Every structure is written in structure tokens, then in C-alpha cells.
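Given next are the chains, with one letter for each unit.
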Amino acid sequence: MATHRPLTPQAPWRELTAQSDDWRAADPALLGTLLTQLHWIRAFEETVLELAAEGLIHGPAHSSVGQEGGAAGSVLALGAGDQINGSHRGHHQFLAKALQHVAPGGLDPRAPLTPAVDEVLQRTLAEIMGLAQGYCRGRGGSMHLRWLEAGALGTNAIVGGGVPLAAGAAWAHRHAGTDRVAVTYFGDGAVNIGSVLETMNLAAAWQLPLCFFIENNRYAVSTTVEESTAEPRLSARGQGFNIPSWKVDGMDPLAVHLAMSEAVAHMRAGNGPAIVEADVYRYFHQNGPFPGSAFGYRSKEEEAQWRRRDPLDKTAAEMIGRGLLSQPDVDALRQACKQAMREVAGRLTEAADGGKRRIRAALWPSPDFRDVGLRSDGAELQGLRYLEADRHDGPMVERKFVDAVADVLDRRMQADAGVVVLGEDVHRLKGGTNGATRGLKERYPDRVLGTPISENAFAGLGGGLAMDGRYKPVVEFMYPDFMWVAADQVFNQIGKARHMFGGDIDVPLVLRTKVAMGTGYGSQHSMDPAGIFATAPGWRIVAPATPYDYVGLMNTALASKDPVLVIEHVDLYGSSGPIPEDDLDFHIPFGKARVRRAGGKLTVLTYLSMVQRALEAVEQSGADAEVIDLRTLDRASLDWDTIGASVRKTNSVLIVEQGARGTGYGAMLADEIQRRYFDWLDQPVKRVTGGEASPSISKVLERAAYAGTEEIIEGLREALADIGERA
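Residues numbered from 1 in each chain as written. Predicted model: local features only at pLDDT ≥ 70, side-chain atom pairs only at ≥ 80, totals over all residues. Heavy atoms only, no water.

Undergrad: Can you walk me through the packing of helix H2 (residues 28–53) against helix H3 (residues 68–75) in this structure?
TA: Any two packed helices are characterised by the angle at which their axes cross and by the distance between the axes. For the pair H2 and H3, the least separation of the axes is 10 Å and the interaxial angle reads 140°. One way to sum up the angle between H2 and H3 is to call them oblique. Crossing hand, H2 versus H3: right-handed. Contact with H2, carried on its side by Leu34, Gln37, Leu38, Ile41 and Arg42, involves Glu68, Gly69, Ala72 and Gly73 of H3 and no other residues of that element. Of the residues assigned to the contact of H2 with H3, the class counts are 4 nonpolar, 3 polar and 2 charged. (Axes fitted to C-alpha atoms, helices over the stretch in contact; angles between N-to-C directions. Helix = DSSP H or I, 4+ residues; strand = E, 2+ residues; numbered from the N terminus. Parallel < 35°, antiparallel > 145°, perpendicular 65-115°, else oblique. Left-handed = near helix turned anticlockwise from the far one by under 90°. Contact = heavy atoms within 4.5 Å. Nonpolar A, V, L, I, M, F, W, Y, C, P; charged D, E, K, R; others polar.)

Put into C-alpha cells, the structure is as follows:
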């Protein structure tokens, strides 16, 4: 007969409740700062709601009124070097960290407003209103608040989207040898998001100093916690990942502070991550100035019950009970905060017709700021030693393409201690699944990180590392299709971060992946990502076709302060070509294509393994075609000088790519060419691509799905025939 043995989790899970003697023992200066922060945040949020009701907030206004205790109580347990990020409902956390930064000695509830605090209030409100003086120059608004100097890494509009980024900050702190910690704030709705759970596992496995702070306000818009999860005590998630967890009443700011202090001590001691769940309540609806009861999903009685536990009243009552201040002192603080916020709002608005207010026109960002900072201005790439293969006069050695990948990564890791390589199996199998990281783990054991199969977590961690500024992550995705698992981190986070947060933060990340058409791995392992990435803002794209070009372009990618997609191809891994025997420090510039074969009747534009196939097709067909290896594919890096010179000479263009037509890179390229060179074209731009469907596993069907030499030959013939020429 089967026997059963009860199992118990390894990680402690506890509920902390502050007692009366905790309040009596608390430092008066801490309580004074706590009360002052609570009142500043409350007055600020009430002003935001007033402006929203008047139509002066463009977009959402996710109020944190009622939830101030969780933010102030937790932030005041952090040090100046600790960092936080948060969610779409993050005004209170941002303000708490910003106020701590400008008033490191604390805040006195009786003291007048200081210029530093006034500036924080005005710049934060300006950002929420979309104005140029905001911390992100008006681009972030209510949901994207970042002030790095204060330790605020950025709030995030994607539920759970900022959590992996915070793991990158935590890894950076630990690897740098500091005792600093990172805190990522999110709500009950995010607890069921894959990126959050992936990051919990990764942080626990790697013992990162990261606190997952759950603000359980009981509603994801209007859906209750009980409806969305079978375990409404959300800190229970820690049990599955061996993470110590605290549950606390978030309406009691001191209890939050005590729980967070214990969690911070745990992390600073090198014991890995922690979870703190604070039960809080948002007094208003998901967005805007009306209570949830106005929308029918909450009762007025429930709202009144929670309001009777207001964190501002709780803190004031305890301080009055200790004789630290009087009720008139509390009333004066409340009025001072409200008056200061009226003055702040008054600086940003002016009277309009009918007694209404309007935003001062001079405070808007200029429309020509629209695209500024979408990517780096390239200043970091000036002065690099650019050297093409035919100009290199040193000794050369024949090297396989895949070995050149490992060679240049080794050289860069040797020269720059900030380069970190991470991805699935990069530390095993003699260099990952293809050998591209061969030997790196042995030489740089603490900078080659084999990750769990959790694409959201490790891609986002790489993004957080890049934004930290001390590291240059090289993230490997085994196949491009896997990036769609991590699409939020790749496109919404990493690609948009620089622009979204004001245009002046660097994101020096390299994302490596390989095209694997023809290997029999089917529809979910065979895509070419160039077409999708070319339409996504913020990314640079390189696609080298030779070992020499790979070395030069990878060096430039790692010198760039932008995220760079480096596309490889399995067909190229086994091919060989010359690279310098003792020089792996040269660069090839972004924005410089290479004419691989001169011709006069047709311009062929291609990249990766299709360069060699195009050359073979031209040779076999006898076409008078010029073959251009694009090498860099993003909009900012296309070499229009070389392309334009060829188009003006041939008056016809054939774009050659291997993958599916619908997601193909050539659609964007053809559109741009026809806009730029319409007057020089004798016929529409033509394309050689694969079929509409992704390659499937049957060898016959797979070959039918992608383009090869035969399809290029046919494309050459059709393009030349349409202008009266024969191949």
C-alpha cells in the first residue's frame, strides 16, 4: 500500500504585524519622514485626479490614493544606492524614492517646503501631463517615470514587464561586489504573468538581491484576486521558488517598513531574493477620479471600510499618541501639502475662457522632438578603427564562421570586463548548441551565464544589465522564433527604452540568433527575424555573410550604445573565410554595404547566406547583375549611397531573401527604394522570397517553403525579361 510523507517548503513564509510597542519604539525622525511622505504623495495624487477630471491629463491617470503606506514604508527601508522600478500605478513609489533622494536626512512634518522637494513635485507632475520639463521630457507620462540619479529605474505600462529588468539591476549590484539591492513593485494582476514567475525562478536560482514587492489591492481593474487565483495570499508564490516571503498589512506603514527592513537585511547578507506582499486598497477606479463603486464592481460599504484604515490617519494617530506632534500640526501639514500642489499646478496651467484651466502652451515639447533619441547619435562609434577585408595588410588565417564568432567574443570579453554572455546552454556543450561560445565559460566563468528556459526573464535581465551602464550583455536566443516568447522584453522594453524614457539613456545590448532554414526543425525554429525587427523602433540590425565581416560588425555592435540584433545563419557556420591572424580589434561601420559583384543591368540586394547563393545564381545564369551585400539592415544603417549609385546605374532592383514572404525584410526595403528612386526605376522592385508559410518538417515541403539558388535564377530571368534583357 502506498505511503505518504508530508513535504514542507524550504523557504520561510510569515505574516508580520506591527504592535503598539513597535510604534512606541520607532525612531521619531523615521515616523516624521513617513508621515510627511504620505501627505506629499496624497496631495500630489489628488492634484493629478483634479487635472484628469478637467481633461488636462492626456492618457491614463492611475491613482495610488490609499496605497501610499506600501510605497513610503518600503522605500524608507532602502539606502541611497538601492534601486526600484514599478508598474503603471507607480506615482507613489517614484515619489517616495525621489523624496528620499532629495531629502536624505529625512523630512520634518513641521518644516516648510524646500526647493528640492518642490522641484520633484513639479517635474513629476509635468511628466504626467506630458510636458518638456518632466523627467522623461514628456514622453513617459503617467506610466513611464524614470529618474536614475534617484534610483528610480522606470515604471512600466506592461503588467509585469519591468520585473525582469529589475533582475538585471540586481545582478549588476551583486556582480559589482556591492550590497545594494533592487526592488520591483507590481500589483496582484502581475502575479500571474509569466515574466514575473520566470524572474522569480531566475532570481532564486542565481541568488539575486531582488525584492518582489506585491501591492495586493485586490482588483486587476475590476477582477478580484479570488476570481483570478486559487491562492489569494499572493506571497505564497515564494514557496514554489524557495524565496522567503513576508505578508503585511499595507495600510500600516510601520508594519511595511519593518517587513521591508527584514527583507533588505536578508538580501544584503547575500541570501538571494525576497517577496513582500502588502495588502493595500486603491480608493479610486483603475483610472481616473471616480471610485470603483461607480462602476459596480465594488460596494460603497467596502470602500468606506478600507478608508477607515487610512495609512495617513494611522500614522498621525500613533505620532499624536506618543506626543510627537499635535492634531493641529497634522492639519497644518495637510494644508501645506495641498497649497504647495496648487502652486505647482498653477505654474503648469493658466486660466482659459469660461473659468477653466489649460496647459501653458510654452511648456509642451516641440513636435520636432518626436524622433530624437530613438537611437544613439553614434558619437560612441566615431574614431573606431574601420578596416575592410581588402584593405587589411596583416597576415590572414582561414577560419570557420562559427569559430570566428567564438574568437571575437573571446577577444571582447578579454578586453572588456563588462561584456557578459547569457542564454540557454551557452555554458555547456562545448560552446552551446552550435559551438559559438566555445571556451568562454572556462575563461570567464562568472560572465558566461547558462540560463533557465525562460526567455522573458533572461532577455529582460539582459535589458536591465544594459541600462545599468556598467555591463554590455550579449544575449543568445537559440532560434529567432523563441524571441516571440520574449516579445514584450525585446520590443516593448529593450527596443523602446531609450526613446520612451526621454532619449538620453543607453541600452548597449547585443542579441545574437541564427536562421536555421533547411535543418528540418520546422515552423517554430526556422524564421528570419530581420523583417520584424526592421519595423520595430530602437533596434539596429547586422547580418554578416563572411567570418571577417562578422568580427568587424560584432566589434562595432559591442561598441554601440544601442541594442543590436546580430543575425547568423546555420549555412554559414561551417563555411570558411580569412580573418586576421593576430588582429580581432578592427571594426566594420554600420551603414556601409559591400558590392560583391559589379554589374550594369540589375541591382541585387541581399544579406547573410543569400549573398553567396545570389553570386552563384548570377554566375550560373550569366546575368549582368550587381550583387550588394547589405550587411546592416535597420532603417538608420542602410547604405543609401551604395544602393542609390547602383539603382541609378541599373534602373532595376531585385531583393533576395530566404524566408517567408509575409514577414520578409524585403517589403520594407522595396517600399523605401520605390519612394527614394521612383524616377530611376524602369520597373517595380522585384523580390525573391520563400512562400507564405513557414518551413515545415517534411524535407520536400521545407525546401518548397524557402528560397534558394534556383529561385534566385528564376527571379533574375524574370527581372531582366521585364526590361527586355535575357540572362
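Structure shown, so let's carry the discussion forward.
Undergrad: Any chance you could explain unusual backbone geometry here in plain terms?
TA: Backbone geometry follows two general trends: most residues other than glycine have a negative phi, and most peptide bonds adopt the trans configuration. Although it is not a glycine, Arg631 adopts a positive phi angle of roughly 65°. Here Arg631 lies in the loop between strand S22 (625–629) and helix H23 (640–650). Among the residues examined, Arg631 registers a relative accessible area of 0% and is labelled buried. Positive phi values are uncommon outside glycine, yet Asn651 reaches one of about 65°. Within the secondary structure, Asn651 is located in the loop between H23 and strand S23 (653–656). (Buried < 20%, exposed > 50% of the residue type's maximum accessible area, 1.4 Å probe, protein only.)

Undergrad: What should I look at first to understand the pattern of salt bridges in this one?
TA: If the charged atoms of two oppositely charged side chains come close together, the side chains can form a pair. Taken as a whole and judged by the stated rule, the model has 49 salt bridges. Residue Arg687 pairs with Glu657 through a salt bridge whose shortest N-O separation is 3.0 Å. With Arg687 in strand S24 (residues 686–688) and Glu657 in the loop between S23 and helix H24 (666–677), the pair connects residues that are 30 residues apart, well separated along the chain. A relative accessible area of 18% places Arg687 in the buried class. (Salt bridge = Lys/Arg side-chain N within 4 Å of Asp/Glu carboxyl O.)

Undergrad: Would you mind showing me how to read helix H10 (residues 253–268) here?
TA: Residues spaced three or four apart along an α-helix point in a common direction, a consequence of the helix completing one turn every 3.6 residues. Compared with an ideal rise of 1.5 Å per residue, which puts 16 residues at 22 Å, H10 spans 22 Å between its outermost C-alpha atoms and is within 8% of the ideal. Along H10, the positions that sit buried rather than exposed are Pro253, Leu254, Ala255, Val256, His257, Ala259, Met260, Ala263, Val264, His266 and Met267. With a side-chain oxygen lying 3.2 Å from the backbone nitrogen of Leu254, the N-terminal cap of H10 falls on Asp252. One or two steps after H10, the chain reaches Gly270, where phi turns positive at roughly 85°. (Expected span 1.5 Å × (residues − 1). Polar contact = N/O pair within 3.5 Å; in protein donor to acceptor, adjacent residues only side chain to side chain.)

Undergrad: Just to check I follow, could you spell out the sheet that holds strand S16 (residues 510–515) for this structure?
TA: Strand order across the open sheet formed by 6 strands is S14-S13-S15-S16-S18-S17, with parallel pairing between neighbours. Each of the sheet's edge strands pairs with one partner strand only, and the pair in question is strand S14 (448–450) and strand S17 (540–542). Going across the sheet, the axis of each strand differs from the next one's by a mean of 20°, ignoring polarity. Sheet analysis places strand S13 (residues 419–423) next to S14, joined by 3 bridges and oriented parallel. Bridged to Val421 within S14 is Val448. Against the sheet, helix H14 (residues 401–415) contacts S13, S14, strand S15 (472–476), S16 and strand S18 (564–569), and its axis sits at roughly 135° relative to S13. (Pairing = 2+ DSSP bridges.)

Undergrad: Hey, could you run me through the nonpolar core in this one?
TA: One broad rule of soluble globular proteins: the nonpolar side chains tend to lie buried together. Within the largest apolar cluster, 125 residues are counted, with the highest numbers of intra-cluster contacts made by Leu511, Tyr665 and Ile673. When residues of this core are assigned to their parent elements, the largest contribution, 8 residues, is made by helix H6 (residues 163–175). Not counting the four nearest positions on each side in its chain, Ile673 is found in contact with Leu605, Trp640, Val653, Ile655, Phe678, Leu681 and Val685. Counting 87 residues, the second-largest nonpolar core is a separate cluster that includes Leu31, Leu95, Met129 and Ala274. (Core = buried A, V, L, I, M, F, W, Y, C linked by side-chain atoms within 4.5 Å.)

Undergrad: Even after reading the chapter, I still don't get the environment of Lys472, so can you show me in this structure?
TA: Within the secondary structure, Lys472 is located in strand S15. On the accessibility criterion, Lys472 (27% relative accessible area) is partly exposed. For the pair Lys472 and Pro589, spaced 117 residues apart in the sequence, the C-alpha separation amounts to 19 Å. Here Lys472 is in contact with Asp416, Gly418, Val419, Val420, Pro508 and Leu558, once residues within four sequence places are set aside.

Undergrad: How do you make sense of the domain arrangement of the protein when you look at a structure like this?
TA: Bring the parts together and some accessible area is lost; that lost area is often taken as the interface size. Splitting the protein by domain gives domain 1 (13–361), domain 2 (379–580) and domain 3 (594–723). Using C-alpha coordinates to define each centre, domain 1 is positioned 37 Å away from domain 2. If you look at the interface, domain 1 gives 31 residues, while domain 2 gives 32 residues. In total, domain 1 and domain 2 occlude about 2,500 Å² of area from one another, counting both sides; carbon and sulfur atoms represent 63% of this. Viewed at the interface, domain 2 and domain 1 are joined by 1 salt bridge. (Domains from an automatic or database assignment. Buried area = accessible area lost by both parts, 1.4 Å probe.)

Undergrad: Where do I start with the environment of Phe212 in this structure?
TA: You can see Phe212 is positioned in strand S5 (residues 210–216). C-alpha separation for the pair Phe212 and Val183, spaced 29 residues apart in sequence, amounts to 6.2 Å. Not counting chain neighbours up to four residues away, the residues in contact with Phe212 comprise Val163, Thr184, Phe186, Val196, Thr199, Met200, Ala203, Ile243, Pro273, Ala274, Ile275 and Val276.

Undergrad: Explanation requested: the side chain of Asp118 in the structure shown.
TA: With respect to the helices and strands, Asp118 occurs in helix H5 (residues 115–128). On the basis of relative accessibility, which here comes to 16%, the residue Asp118 falls in the buried class. Of the polar contacts made by the side chain of Asp118, one reaches the side chain of Arg347; its length is 2.9 Å. Each residue touching Asp118, except ones within four places of it in the same chain, is listed here: Leu113, Val344 and Arg347.

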